[in-house]
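Results of the structural survey
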Amino acid sequence: MRPALPERLRRTLAAVTSFATAQAGPLGAAGVGLLAFLALYGPAALNPTRLAWLFRDDFSQHLLGWLFFRNEPLRFPLGAINGYLHPLGTTLGYMDAIPWVGVLLRPFSALLPVDFQYIGPWMCACLMLQGAAAAWVARRMGASVPQQWLVGGLLVLSPTLLARMSMSHEALCAHWTLVLLVGLHLVPQRDAREAKQALGIALALCVFAAGVHPVIAAMVVALAVSLCVRTALERRLPWRWPVLGAVVNVGAVLALFYVFGYLGTVRTLGADAFGGFSADLATFINPLGYHRDAVWSRFLRALPRQGAQYEGFGYLGLGVLFALWASLVLVARDAPAVARLWRRFVPVGLVALGLFFFALSSRITLRGELLADISSLYAPVMRWVEPFRSSGRFVWPLYYLLALGSALVLIRLPRPALAPSLLALAVVLQGFDLNLGQGRQAQGGSDWTAPPSEALRAAAVGRKHLVMYPPQMHDGSGRGCRAGPMNFEPWAYRAYRLGLTFNSGYVARLDDARAQPYCLGLDDDVRAGRLDPETIYLSIPQRLHEFRAIRGTRCVQEERLWLCVLEPAAASPARQASP
């Protein structure tokens, strides 16, 4: 006879079983997200000690931000990094390194491996939460567990989310926050408790998004405010609750923007940066992704668009397009019943349409052809508009309103026996239409994780800085100093491993008014022979003669560059670089 389980263990297992049964819909949909991630990147991406696959595209920028942050003491603003782009410095936020994650992991940095990344696990979590959020909303609408799985699966297979992952934009993959907020507009608020719960979730999402990415935060706070309007219209709470909620949501995001250094640390790029990274009016039916050969549909052909409008990519997929068509037919047949629910969809619909209009930017196009130039409309507010120059991303709230809204209509309006079939057909069409790849995106990689050479280690003894000469520091607009080698990332990684600062890099925003004086001053110091004995200079061959002309300088070749240092015996106060 088998011995009985201890009472505490039995209760724990019963609680786990009860939770799994109650949350079967969201948990199953999260499993669909996990499978989609494995199909797209493979299990290797979940290994936090594998870095090589991240040394490409924008991933390298985000990874280096986290790595250099590990060598920094905590200071204000949260996520400040002094050792990267030294002496200018930057922040986790401007490295697109997901500040909340970096700051929360920082106290445990000494316990983590030297090579540690959270980009792969973060993207996997985003896909799993995408499915779970959609399933949770479907459950609130009365969907059965299989229907919750189908709705979650349909939202997991969102081309706009999968495309962001393939574009190395992991901070912009928190689309589940938008799905959840759009869903909170559409589910019923039956009493004051549910209304307060919705406002509380919205505030939590605002706090979370403010430490993820400014674009995500801007969309989240807009949807949170519209949810407050919807709550006021429902009259489940006194009017002061939604008004206070709207004020707190906006205030929390602005305060956290300041805390994380998004506000007050660098100047804006200027009006010329706005207008190109927009969305096209045909974005929802255009499967053309980031590259000209990246077509996300197996059946629909790519449509023309302007060069940088990949930022406004918003292809819905055949499954969602079918669900949208079917839901419009069903709504037309039951228009009076739907019209009575106007308080749910009018606030979110107006906000989503307003953000879509902003996504079109000042140059409205259809299939790549200019329809209207409304630059004069934006001119008075360009100072506030320019930070969101990649305006095309703001198609996402309308995108998810169409995708999630059509799926919920298929649950509610047709006969109960018909709903699962319609949803299943939509998911099958979506799955057949999209190409998730072969799970190889996390395979291979460069040899950047090779340890620093013996020559570099020897030069680093007693020194604090690794200086690329000339520097290579720039931002998304191309401003900064760009005379140095483009492949600066391996040297940045080596500087991190040796605990050195590094003067080059790529960031989301760079203060050109500070960068140019630094670069010109470095030129003057080297040409005048004012070398810092605590610095390793990494020179391109064309500038090597400047170091060889300085007495007491030793240079050795390292790959295609030259490591030059001023020997301590040759250093004197007159020859040291000015602070």
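Residues numbered from 1 in each chain as written. Predicted model: local features only at pLDDT ≥ 70, side-chain atom pairs only at ≥ 80, totals over all residues. Heavy atoms only, no water.

The next subject is the pairing of strand β5 (residues 465-469). With 5 of 5 residues buried, β5 is to be regarded as a mostly interior element. Judged by which residues are buried, β5 turns out to be covered on both faces: His465, Val467 and Tyr469 on one side and Leu466 and Met468 on the other are all buried. Here β5 runs beside strand β8 (residues 501-502); their pairing, made up of 2 bridges, is parallel. Bridge pairing links Leu466 to Phe502 in β8. Two strands pair when backbone bridges link them, and β5 and strand β10 (residues 535-539) are joined in this way by 5 bridges, in the parallel orientation. Counterpart to Leu466 in the pairing with β10 is Ile536. (Buried < 20%, exposed > 50% of the residue type's maximum accessible area, 1.4 Å probe, protein only. Helix = DSSP H or I, 4+ residues; strand = E, 2+ residues; numbered from the N terminus. Pairing = 2+ DSSP bridges.)

Topologically, His175 is positioned in the loop between α7 (159-166) and α8 (176-186). The spatial distance from the C-alpha of His175 to the C-alpha of Ile216 is 7.9 Å, given a sequence separation of 41 residues. In contact with His175, other than residues within four places in its own chain, are Gln130, Thr160, Leu161, Arg164, Ile216, Trp396 and Tyr400. (Contact = heavy atoms within 4.5 Å.)

Time to look at helix α12 (residues 318-333). Working note: α-helix, 3.6 residues per turn, so residues spaced by three or four point in the same direction. In this model α12 runs 23 Å from its N-terminal to its C-terminal C-alpha over 16 residues, within 8% of the 22 Å that 1.5 Å per residue would give. Gly319, Val320, Phe322, Ala323, Leu324, Ala326, Ser327 and Leu330 are the residues of α12 that are buried. On its buried face, α12 is in contact with α6 (145-156), α17 (396-412) and α18 (419-433). (Expected span 1.5 Å × (residues − 1).)

On to the sheet that holds β8, then. Remark on secondary structure: sheet strands pair via backbone hydrogen bonds, oriented parallel or antiparallel. One open sheet accounts for 5 strands, arranged β8-β5-β10-β12-β11; its pairing is mixed. Two strands lie at the open edges of the sheet, namely β8 and β11 (553-558), each paired on one side alone.

Within the structure shown, the criterion is met by 2 disulfides. With its sulfur 1.8 Å from that of its partner, Cys481 forms a disulfide with Cys519. For the disulfide bridge between Cys481 and Cys519, the dihedral angle about the S-S bond is near 105 degrees, and by the sign convention the bridge is right-handed. One end of the pair, Cys481, is in strand β7 (residues 480-482); the other, Cys519, is in helix α21 (residues 512-527), and 38 residues separate them in sequence. The residues Cys481 and Cys519 share a single accessibility class, namely buried. The side chain of Cys555 participates in a disulfide bridge whose partner is Cys564; the two sulfur atoms lie 2.1 Å from each other. (Disulfide = S-S within 2.5 Å.)

Attention shifts here to the packing of helix α9 (residues 192-210) against helix α11 (residues 240-259). Where α9 contacts α11, the two axes come as close as 8 Å, and the packing angle between them is 10 degrees. Relative to α11, the element α9 lies roughly parallel. Viewed along their axes, α9 and α11 form a crossing whose handedness is right-handed. Listed contacts from α11 to Lys196, Leu199, Ala202, Leu203, Cys206, Val207 and Ala210 of α9 are Trp241, Pro242, Val248, Asn249, Ala252, Val253, Leu256 and Phe257. (Axes fitted to C-alpha atoms, helices over the stretch in contact; angles between N-to-C directions. Parallel < 35°, antiparallel > 145°, perpendicular 65-115°, else oblique. Left-handed = near helix turned anticlockwise from the far one by under 90°.)

From the geometry alone we can't say anything about function, so treat these as descriptive.
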